[in-house]
Amino acid sequence: MMKKTIAVTLALVGLSGLALAQGDAERGEELAQTCAGCHGTDGNSASPDFPKIAGQNTRYFIEQMEAYQDGSRVNALMQGQVAALDDQDIRDLAAFYAQQEPNFGEADPDLVELGREIYRAGLQESGVMSCMACHGPQGQGNAAAGFPRIAGQHADYTISQLNAYRTGYRADEPAENARMTDGDTRMMRAIAYRMRDHEIEAVASYLEGLH
């Protein structure tokens, strides 16, 4: 009888741990009220200065929030916003935004062909791999690997981030302890470094209208 009770207790603890790891979207919606001024009530920001985070996968979202907290991704505004969040808060926010429906813009017709080519096939002469290989055919990202959803993202924001990778750091303010958020593989740094301005502009525009 005791063994059965212990087994049931462990099972309940396991379920509780699973719920904790997944996050509570309803609570996340309450927490997200403080984020709405920049990112919109549902994660679809109106301003290209702030990224759309609706539909973003939870792993990527959590990793970025943790990077802001430990100072490895530098942005004074974001670091102030996440400073008081605990692990559960971040997971709840991640769960909320992951459930939101992202909206999409329109690509510049003059840039669509080049943007599509880069996204799907890369740039062989420059050694740039296709974006689709990591971010999926529709830009939905890869949740298991933590590769972000990028479809529908503001073109201006995508350009700013690719330029940040290209210049050697992904940070809005230089900092000695800032490290790139593409890991030891330096994948995004290598890709962005080999891209020219008009190529970055084209793929960013294509992504804004990709759906």
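To keep things clear, this report deals only with the structure shown in the data block. (Residues numbered from 1 in each chain as written. Predicted model: local features only at pLDDT ≥ 70, side-chain atom pairs only at ≥ 80, totals over all residues. Heavy atoms only, no water.)

What to know about empty space enclosed by the protein
Then step 1. Scanning all chains against the criterion turns up one cavity of 30 Å³ or more.
Then step 2. For the largest cavity, the calculated volume is near 60 Å³.
Then step 3. Considering the residues around the largest cavity, the lining is formed by Lys52, Ile53, Ala54, Gln56, Pro102, Arg149, Ala151, Gly152 and Gln153.
Then step 4. Residues belonging to the lining of the largest cavity are distributed by class as follows: four nonpolar, three polar and two charged. (1 Å grid on protein atoms, 1.4 Å probe; cavity = no way out; pocket = protein on both sides within 12 Å on 5 of 7 lines; lining within 4 Å. Points joined across faces, edges and corners; volume = space filled by probe spheres on them. Nonpolar A, V, L, I, M, F, W, Y, C, P; charged D, E, K, R; others polar.)

Looking at the nonpolar core
The nonpolar side chains of a soluble globular protein tend to be buried, and buried together.
Then step 1. Ranked by internal contacts, the top residues of the largest apolar core, which has 18 residues, are Ile118, Tyr119, Met195, Val203 and Leu210.
Then step 2. Every element with two or more residues in this core is listed here: α7 (112-121), α9 (155-166), α10 (187-193) and α11 (197-208).
Then step 3. Take this core: its biggest share by element is four residues, from α11.
Then step 4. Leave out the neighbours within four places in its chain, and Ile118 touches Leu123, Ser130, Cys131, Met195, Glu199 and Val203. (Core = buried A, V, L, I, M, F, W, Y, C linked by side-chain atoms within 4.5 Å. Buried < 20%, exposed > 50% of the residue type's maximum accessible area, 1.4 Å probe, protein only. Helix = DSSP H or I, 4+ residues; strand = E, 2+ residues; numbered from the N terminus. Contact = heavy atoms within 4.5 Å.)

Quick word on the packing of α9 against α11
Then step 1. At a minimum axis separation of 8 Å, α9 and α11 run at an interaxial angle of 140°. For the element pair α9 / α11, the angle class is oblique. The two elements α9 and α11 cross, and the hand of that crossing is right-handed. Within the contact between the two elements, α9 uses Ala155, Thr158, Ile159, Leu162, Asn163 and Arg166 and α11 uses Asp197, Ile200, Glu201, Val203, Ala204, Ser205, Leu207 and Glu208.
Then step 2. Along the lines of polarity and charge, the residues of the contact of α9 with α11 split into seven nonpolar, three polar and four charged. (Axes fitted to C-alpha atoms, helices over the stretch in contact; angles between N-to-C directions. Parallel < 35°, antiparallel > 145°, perpendicular 65-115°, else oblique. Left-handed = near helix turned anticlockwise from the far one by under 90°.)

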